[in-house]
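Examination of the molecular architecture
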Amino acid sequence: MKRAKGPALKILALRMPALAIPVLAIPALLFAGIMRAADAPVVVTSIKPIHSLVSAIMQGVGEPELIVDGAASPHTYNLKPSNARALQNAKVIFWVGPGLEAFLEKPLQALGRDASIAELDNAPGLVKLPFREGGAFEPHDDGDEHDSASATPEHEHDHAEATHGAEADHDHGTFDTHLWLDPMNAKAMAAMITTTLVAADPANALTYQGNARALDDRLDALDTELKGIVAPVKGKPFIVFHDAYQYFEHRYGIRVAGSITVSPETIPGAERVSEIHRKVGELGATCVFAEPQFEPRLVNVVIEGTSAKSGVLDPEAATLKAGPDLYFTLMRGIANSMKDCLSSA
């Protein structure tokens, strides 16, 4: 083999350092990536809609863990050993509150002592709506006395009747905890999520804050989109499996005429099912909506012999894959399911 001479040798010498730089840089880049992942705080979330909001704000920093995964429901969930370990290792924990995830209340006290725990039903600016009772909405058994005569047949609630943030008494037995089904409530919760993450992990504050601004813009656009989807069917009454949708109803002016049950942990008796069957005919309800986690046979019994159709609503995202886009898929799914069923009835 001939040796390179003269200019050729100089060219070879000049090229060698340039070739070496990327090779040396690869381990450094990998190390930097590992360090960023290691620096991300361990964050645990309770349910999929909350996990989605937290995931969107944490993008570029890390991924939160999820407790109620798959098709499970917070109404009937039993904590797993892996969930207990996650809570014990967490630096930050997000949940709605004991009114929704009652199964978490004692484990958080026992296992979450070293974590910052954000109870999102305390977020400033939330619209909170009281439980509906009477007529087509059965009494809610939370251990307190309620005046069911105060419920109107139409169950209409304007913004003056809603409570906001600190103005509301912090009593988990008095308000509906499906708060995320209003995108403006999602914005309020996102603000509390951001504040909590920044306090726990100030090194990544700029990323959290930038992601939160982008999420706010997306939620505003979603709100406008949902208004357009449900506008053609706003006046048509329908029945739901359990009364989880009044925040959606309140925001977009749709009409839920009643629920088969208030609490999905308890299967309604024959008398209750017969009552709702009669109500479907009396109100001219066009659709009765089931939920993926609960007994669909009851819906078939309720609509038997009527002109009402059945559909499916998924308020807790049981059928959706967890991630930062889940919240948007969830809300569009509810709006489109309502539109499709009510338009064809």
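You'll find the structure just up there.
1. As for the sheet that holds strand β7 (residues 238–242)
In sheet architecture, strand pairing relies on hydrogen bonds along the backbone and comes in two forms, parallel and antiparallel. Read from one edge to the other, the open sheet built from four strands follows the order β8-β7-β9-β10, with strand pairing classed as parallel. Each edge of the sheet is formed by a strand with only one pairing partner; in this case those strands are β8 (256–261) and β10 (309–312). Strand-to-strand twist in this sheet, taken as the mean axis angle between neighbours without regard to direction, amounts to 25 degrees. Where β7 and strand β9 (residues 287–290) come together, three bridges link them in parallel fashion. Bridging across to β9, Phe-238 finds its partner in Cys-287.

2. Thoughts on empty space enclosed by the protein
According to the stated counting rule, one finds one cavity of 30 Å³ or more in the structure shown. Put simply, the largest cavity is a space of about 40 Å³. Within the lining of the largest cavity, the residues separate by chemical class into six nonpolar, one polar and two charged.

3. Remarks on the nonpolar core
If you look at the biggest cluster of nonpolar residues, it comprises 76 residues, and the most contacted ones within it are Phe-94, Trp-180, Phe-238, Phe-248, Tyr-327 and Met-338. No other element matches helix α10 (residues 326–344), which puts ten residues into this core. The residues touching Phe-248, leaving out its near neighbours within four places in the chain, are Leu-181, Leu-226, Val-230, Ile-254, Met-331, Ile-334, Ala-335 and Met-338. In this structure, Val-280, Phe-294, Val-299 and Ile-303 belong to the second largest nonpolar core, which totals 16 residues.

4. Digging into the pairing of strand β4 (residues 116–119)
Inspection of the sheet shows strand β3 (residues 92–95) paired to β4 by four bridges, in the parallel sense. Bridging from a neighbouring strand, Val-92 pairs with Ser-116 of β4. The β-α-β motif built from β3, the intervening helix α4 (residues 105–111) and the parallel element β4 has right-handed crossover chirality.

5. Quick look at the side chain of Thr-45
Along the chain, Thr-45 falls in strand β1 (residues 43–45). Judged by its relative accessible area of 1%, Thr-45 falls in the buried class. Once you skip the residues sitting within four places of it in the chain, Thr-45 turns out to touch His-51, Val-54, Pro-64, Glu-65, Leu-66, Ile-67 and Phe-94.

6. A few points about the side chain of Asp-182
Within the secondary structure, Asp-182 sits in the loop between β6 (163–164) and α5 (183–200). For Asp-182, the residues in contact, after removing those within four places along its chain, are Tyr-247, Arg-251, Tyr-327 and Met-331.

7. Comments concerning the packing of helix α2 (residues 48–58) against α10
Where α2 meets α10, the axes come as close as 8 Å, and the angle between the chain directions of the two elements is 135 degrees. In terms of orientation, α2 and α10 fall into the oblique class. Residues Lys-48, Pro-49, Ser-52 and Leu-53 of α2 touch α10, and the partners they reach there are Leu-326, Tyr-327 and Leu-330. Looking at the contact of α2 with α10 residue by residue, the class counts come to five nonpolar, one polar and one charged.

8. Focus: helix α6 (residues 205–230)
When the terminal C-alpha atoms of α6 are compared, their 37 Å separation across 26 residues agrees well with the 38 Å that a helix rising 1.5 Å per residue should span. Buried within α6 are the following residues: Ala-205, Tyr-208, Asn-211, Ala-212, Leu-215, Leu-219, Leu-222, Asp-223, Leu-226, Ile-229 and Val-230. Residues of α6 that are buried sit in contact with α2, α5, α7 (246–252) and α10.

9. Overview of the sheet that holds strand β2 (residues 65–66)
Strands sit in the order β2-β1-β3-β4 across an open sheet of four strands; the sheet is parallel. Each edge of the open sheet carries a strand with a single partner, namely β2 and β4. Pairing between β1 and β2: two bridges, direction parallel. Across the sheet, residue Thr-45 finds its bridge partner in β2, namely Leu-66.

10. Brief notes about the pattern of salt bridges
If the charged atoms of two oppositely charged side chains come close together, the side chains can form a pair. Across all of its chains, the model carries six salt bridges by this definition. With a shortest N-O distance of 3.5 Å, Lys-227 and Asp-223 are connected by a salt bridge. One end of the pair is Lys-227 and the other is Asp-223, both in helix α6 and four residues apart, which spans about a single turn. Since its relative accessible area comes to 5%, Asp-223 is described here as buried. What emerges from the salt-bridge pattern is a single network uniting Asp-182, Asp-223, Lys-227 and Arg-251.

11. Focus: the pairing of β3
Every regular strand shows the same layout, with side chains that alternate between the two sheet faces. Here β3 shows no split at all, with Val-92 and Phe-94 on one side and Ile-93 and Trp-95 on the other all buried. Relative to β3, β1 is paired through three bridges, and the arrangement is parallel. Paired with Val-43 across the strands is Val-92, a residue of β3.

12. Notes on the environment of Val-198
You can see Val-198 is positioned in helix α5. Sequence separation between Val-198 and Gln-209 is eleven residues, and the spatial gap between their C-alpha atoms is 8.1 Å. Leave out the neighbours within four places in its chain, and Val-198 touches Ala-205, Tyr-208 and Gln-209.

13. Description of the packing of aromatic side chains
Tallying each qualifying case throughout the model produces four aromatic pairs. Geometrically, the ring pair formed by Phe-238 and Phe-289 is edge-to-face, given 5.4 Å between the ring centres and 85 degrees between the ring planes. Of this pair, Phe-238 sits in strand β7 while Phe-289 sits in strand β9; the two residues are 51 residues apart in sequence, bridging distant segments of the chain. The exposure classification of Phe-238 matches that of Phe-289, with both residues buried. The positively charged end of Lys-128 is found above the aromatic ring belonging to Phe-175, 4.5 Å away from the centroid. Sitting over the face of the ring of Phe-328, Arg-218 holds its NZ or CZ atom 3.8 Å from the ring centroid.

Cut-offs used in this document
- Residues numbered from 1 in each chain as written.
- Predicted model: local features only at pLDDT ≥ 70, side-chain atom pairs only at ≥ 80, totals over all residues.
- Heavy atoms only, no water.
- Pairing = 2+ DSSP bridges.
- Helix = DSSP H or I, 4+ residues; strand = E, 2+ residues; numbered from the N terminus.
- Axes fitted to C-alpha atoms, helices over the stretch in contact; angles between N-to-C directions.
- 1 Å grid on protein atoms, 1.4 Å probe; cavity = no way out; pocket = protein on both sides within 12 Å on 5 of 7 lines; lining within 4 Å.
- Points joined across faces, edges and corners; volume = space filled by probe spheres on them.
- Nonpolar A, V, L, I, M, F, W, Y, C, P; charged D, E, K, R; others polar.
- Core = buried A, V, L, I, M, F, W, Y, C linked by side-chain atoms within 4.5 Å.
- Buried < 20%, exposed > 50% of the residue type's maximum accessible area, 1.4 Å probe, protein only.
- Contact = heavy atoms within 4.5 Å.
- Right-handed = clockwise from strand over helix to strand, strands pointing away.
- Parallel < 35°, antiparallel > 145°, perpendicular 65-115°, else oblique.
- Expected span 1.5 Å × (residues − 1).
- Salt bridge = Lys/Arg side-chain N within 4 Å of Asp/Glu carboxyl O.
- Phe/Tyr/Trp six-rings, centres within 6.5 Å; stacked < 30°, edge-to-face > 60°.
- Lys NZ or Arg CZ within 6 Å of the ring centre and 35° of its normal.

Treat this as a map of the structure, not an account of what it does.
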